[in-house]
Amino acid sequence: MSDTRANRRFRSQEWFDNPNNPGMTALYLERYQNHEYTRAELQSERPIIGIAQTGSDLAPCNKIHVFLVDRIKAGIREAGGIPMEFPVHPIQETGKRPTAALDRNLAYLSLVEVLHGYPIDGVVLTTGCDKTTPALLMGAATVDLPAIALNGGPMLDGWWQGKRAGSGTIIWESRRLLAEGQIDYEEFMRRVCSSAPSLGHCNTMGTASTMNAMAEALGMSLTGNSAIPAPFRERMAMAYETGKRIVQMVLEDLKPSDIMTRAAFENAIVVNAAIGGSTNAPPHLQAIARHVGVELDVRDWEAIGYDVPLMVNMQPAGEYLGESFFRAGGVPAVMGELMKAHRIHRDAMTATGRTMGENLAGWESLDPAVITPYDAPLRQNAGFKVLSGNLFDSALMKTSVISADFRARFLSEPGNEGVFEARAVVFEGPEDYHDRINDPALQIDERTILFIRGVGCVGYPGSAEVVNMQPPDAIIRQGIKHLPTVGDGRQSGTSESPSILNASPESVVGGGLAHLRTGDRVRLDLNASTMNALVDPAEWQARIDAWTPPEIVHQTPWQEIYRTHVGQLADGGCLELATAYQKIGRTLPRDNH
Ligand code: FES
Ligand code: MG
């Protein structure tokens, strides 16, 4: 194997091969020999490669990694490394209460501790379900040891009565049909379950497919990794190649900070718009950027990404699912088309050891119905609007999912295009919303904006995906599928609601949403990227002066620790104190005995 590390010692040798401290070396060696490894191997100057295992019975979206790991290990061995698999705290989007988002920072924290405190020279990050991908990239960023992402891959396409049934998206759609009385409870359950036909993560362009595309766009995985469906043979091959490659990355000392530069994040923002990616990407990328020490601002999403066209025809913004996206070429095909249009920084370094431009040579769409050329897109301006005003300093709007019907009905008044003025109805969290949404006293009609607050990082805690609120049943029966919704939480990446999300600062820390009342007039102006409560300034100030923070009740110790240290979504929802720790893989902890 080619060894470009000159005379640099591996970090793991400080554990297993330290003649200055034979007592400790023996202690480190003996226990690792009792099942898998020999002393000769551990002292043979081979890099030790951690495999951060996110799959488990509790984390079915990532369960495929329990099987893929054999191929990862084979690749590592083949290239001369020694694999050591270890568990990651489970983060199952559909399983964890009150929200998996609460656990992103917990898994991050524990990964940092494992990578720093054990004899590990490089790591394979097994990603998949929504928050697993950012949690692991954040941890790798803080430690800055060579790291590579391997995605579990989306499930096969779901089908229901001859039509594609996409993860998450079918729930939002079926919830409406149930409210309209078009289907019963039994059919509702069967429809929704049809969208999950195999191992893998969500098959829509929800947060999972988005974040794995982001890992690839950042340069943190092998080319073509993210879109391969979980059960495909290509997925097994990718696991093997990823295992082989991480060994070389350790020899080359190719670290996350060499790959995740400002140029890489700009590439990711452009790709996110082109794929119709999730509104969860901005806080996650913000967090990764802060942990690796790159300047990024929530406003960069509009400045860099807004004018990028929608080129991927995948639910929720489009029609197809993961299998079609893979066959059309996946992320490298999208990036290849973007590169032809000069929207990609070609010189960004990647995990392959080559630049992004070199990786993408020859890649283009193999099916223009699924991945369009740059100049014949599905829609122009697919990036996010970053709104501000007296209700928040920043909030995101994914304009690419605003339906034609909604645009025609509300945003196309001649002379007033892009402006929507309406009456606010305010809910204190999802329980309040479910209790009252059908209450006629709220007088909800088609010129209402639904607000939800108390659901941000501190409020929920963790920031919940509850902003995509459905209108009252009576309104849906009138044919109005969506009302604009606004909140200090997030929404599922699989939702197609015209929502205004991630409002920062959140209401429980005194953000402007705290002062809004049902009945206030609110004005959304997409041309100016503003949203304001049309309340007399003196009256608004009086509400601010009279405001007292709501009482917060912690249910677990972690909730209290999290709430004490977490920042706002616009800043990535990080544990703020953790962002001061950079490149800590350069330091060694003290011996343990
Ligand atoms: Fe796990 Fe979507 S719920 S990937
Ligand atoms: Mg979700």
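Quick caveat: nothing in here was measured; it's all calculated off a predicted structure. (Residues numbered from 1 in each chain as written. Chains lettered and ligands numbered in written order. Predicted model: local features only at pLDDT ≥ 70, side-chain atom pairs only at ≥ 80, totals over all residues.)

**Quick notes on the overall build of the chain**
Counted only if it meets this: A run of DSSP states H or I qualifies as a helix once it reaches four residues; a run of E qualifies as a strand once it reaches two. Both are numbered from the N-terminal end. Computation of the radius of gyration draws on C-alpha atoms alone. For the globule rule, the value is 2.2 Å times the number of residues to the power 0.38. Any residue with 12 or fewer other C-beta atoms within 10 Å of its own C-beta is exposed, any with 20 or more is buried, and the rest are partly exposed; the C-beta atoms used are placed from the backbone.
The helix and strand tally for the chain stands at 22 helices and 14 strands. The C-alpha radius of gyration computed for the chain amounts to 24 Å, which stays within 12% of the reference 25 Å derived for 593 residues, consistent with globular compactness. Its C-alpha atoms give the chain principal-axis dimensions of about 75 × 55 × 45 Å. By the burial criterion, 55% of the 593 residues in the chain qualify as buried.

**Considering the UniProt feature "domain: Dihydroxy-acid/6-phosphogluconate dehydratase C-terminal" (unreviewed entry) in the chain**
What counts, and what does not: UniProt positions are given in the numbering used here, feature names are shortened, and annotations may be inferred rather than shown by experiment.
In the numbering used here, UniProt assigns the feature "domain: Dihydroxy-acid/6-phosphogluconate dehydratase C-terminal" (unreviewed entry) to residues 370-572. As a span, residues 370-572 carries 19% helix and 22% strand, and end to end its C-alpha atoms are 31 Å apart.

**Section: the packing of helix α4 (residues 64-78) against helix α10 (residues 233-252)**
For clarity, the threshold we go by: As a rule, the C-alpha atoms of each element are fitted with a line to give its axis, helices using only the stretch in contact, and angles between N-to-C directions run from 0 to 180 degrees. Handedness of a helix crossing follows the sense of rotation of the near helix relative to the far helix, less than a right angle counterclockwise being left-handed and clockwise being right-handed. By the criterion used throughout, residues are in contact when their C-beta atoms, derived from the backbone, lie within 7 Å. Classes in brief: Ala, Val, Leu, Ile, Met, Phe, Trp, Tyr, Cys and Pro nonpolar; Asp, Glu, Lys and Arg charged; the others, Gly included, polar.
As a packed pair, α4 and α10 sit with axes 7 Å apart at the nearest point and diverge in direction by 35°. Our pair here, α4 against α10, has a crossing hand that is right-handed. Contact residues: Leu68, Arg71, Ile72, Lys73, Ala74, Gly75, Ile76 and Glu78 in α4; Arg235, Met236, Ala239, Tyr240, Glu241, Thr242, Gly243, Lys244, Ile246 and Val247 in α10. For the contact of α4 with α10, the residue count by class is nine nonpolar, three polar and six charged.

**Quick word on the domain arrangement of the chain**
Stated formally: As used throughout, domain bounds are those supplied by an automatic or database domain assignment.
Segmenting the chain into domains produces domain 1 (1-44), domain 2 (46-157 + 197-360), domain 3 (168-193) and domain 4 (384-546). Here domain 1 and domain 4 have C-alpha centroids that lie 57 Å from each other.

**Considerations on the nonpolar core**
This is how it is decided: Each nonpolar core comprises buried Ala, Val, Leu, Ile, Met, Phe, Trp, Tyr and Cys residues, the members being joined through C-beta atoms within 7 Å.
Counting residues in hydrophobic clusters, the biggest one holds 163 residues, and the most contacted among them are Leu125, Val271, Ala274, Val334 and Phe451. Per element, the largest residue contribution to this core is nine residues, and it comes from helix α12 (residues 262-275). Both domains that furnish three or more residues to this core are identified here as domain 2 (46-157 + 197-360) and domain 4 (384-546). The contact partners of alanine 274, leaving out residues within four places of it in the chain, are Val308, Pro309, Leu310, Met311, Val312, Val334, Leu338 and Ala382.

**What about the pairing of strand β12 (residues 499-504)?**
The condition is simple: Paired strands, as defined in this entry, are two strands with at least two bridges between them according to DSSP.
Among the six residues that make up β12, six are buried, leaving the element largely enclosed by the rest of the structure. With three bridges joining them, strand β8 (residues 392-398) and β12 adopt antiparallel strand pairing. Residue pairing across strands places serine 394 opposite serine 504, the latter belonging to β12. Relative to β12, strand β11 (residues 485-487) runs parallel, the two being bridged by two bridges. Bridge assignment links threonine 485 to a residue of β12, and that residue is serine 499.

**Structural notes on the environment of arginine 453**
Topologically, arginine 453 is positioned in the loop between β10 (448-452) and α20 (473-477). The sequence separation of arginine 453 and aspartate 375 amounts to 78 residues, and the corresponding C-alpha distance is 40 Å. Residues within four places of arginine 453 in sequence aside, it is in contact with Val426, Glu428, Gly487, Asp488, Ser507, Leu513 and Ala514.

**A word on the packing of helix α5 (residues 101-117) against helix α6 (residues 132-143)**
Helix packing for two helices is described by the angle between their axes and how far apart those axes are. Condition: Note on angle classes: values under 35 degrees are labelled roughly parallel, values over 145 roughly antiparallel, values of 65 to 115 roughly perpendicular, and the remainder oblique.
Closest axis-to-axis distance for the α5/α6 pair is 8 Å, and the angle between their directions is 40°. Judged by the inter-axis angle, α5 sits oblique to α6. Considering only the axes of α5 and α6, their crossing is right-handed. Taken together, the residues of α6 that come into contact with α5 (itself represented by Arg104, Ala107, Tyr108, Leu111, Val112, Leu115 and His116) are Pro134, Ala135, Leu136, Met138, Gly139, Thr142 and Val143.

**Quick notes on the sheet that holds strand β4 (residues 147-151)**
Pairing is parallel in the open sheet, where four strands are placed in the order β2-β1-β3-β4. Each edge of the open sheet is held by one strand with a lone partner, namely β2 (82-87) and β4. Strand-to-strand twist across the sheet, computed as the mean angle between neighbouring axes with direction ignored, equals 25°. Two strands pair when backbone bridges link them, and strand β1 (residues 48-53) and strand β3 (residues 122-127) are joined in this way by four bridges, in the parallel orientation. Considered in β3, the bridge of alanine 52 is made with leucine 125. The strands touched by α10 are β1, β3 and β4; relative to β4, the strand with the most contacts, the crossing angle is about 175°.

**What to know about the UniProt feature "domain: Dihydroxy-acid/6-phosphogluconate dehydratase N-terminal" (unreviewed entry) in the chain**
Mapped onto the present numbering, the UniProt feature "domain: Dihydroxy-acid/6-phosphogluconate dehydratase N-terminal" (unreviewed entry) falls at residues 46-359. Taken end to end, residues 46-359 comprises 49% helix and 9% strand; its first and last C-alpha atoms sit 28 Å apart.

**Some thoughts on the environment of arginine 543**
Locating arginine 543 in the fold gives a position in helix α21 (residues 537-546). On the neighbour-count criterion, arginine 543 (15 C-beta atoms within 10 Å) is partly exposed. Each C-alpha atom of the pair arginine 543 and alanine 514 lies 9.1 Å from the other, and the pair is 29 residues apart in sequence.

**Re the confidence of the model for the chain**
Counted only if it meets this: Each residue carries a pLDDT score, the predictor's own confidence in it, on a scale running from 0 to 100.
With 99% of its residues at a pLDDT of at least 70, the chain reaches an overall mean of 95. Note on the complex model: pTM 0.97, ipTM 0.96.

**What about the environment of leucine 27?**
Considering the arrangement of structural elements, one finds leucine 27 in helix α2 (residues 22-32). Assessed through the 14 C-beta atoms surrounding it within 10 Å, leucine 27 is described here as partly exposed.

**Here we look at unusual backbone geometry**
Cis rather than trans, the peptide bond between glutamine 315 and proline 316 has omega equal to 10°. When you line up the elements, proline 316 lands in the loop between α14 (300-305) and α15 (322-327). With omega at 5°, the peptide bond leading from tyrosine 460 into proline 461 counts as cis. Tracing the backbone through its elements, the reader meets proline 461 in the loop between β10 and α20.

**What to know about the pairing of β8**
Here is the key point about a regular strand: its side chains alternate between the two faces of the sheet. Within β8, six of the seven residues are buried, which leaves the element mostly enclosed by the surrounding structure. Examined bridge by bridge, strand β7 (residues 384-389) and β8 share five bridges and lie antiparallel to one another. Bridge pairing links lysine 385 to methionine 397 in β8.

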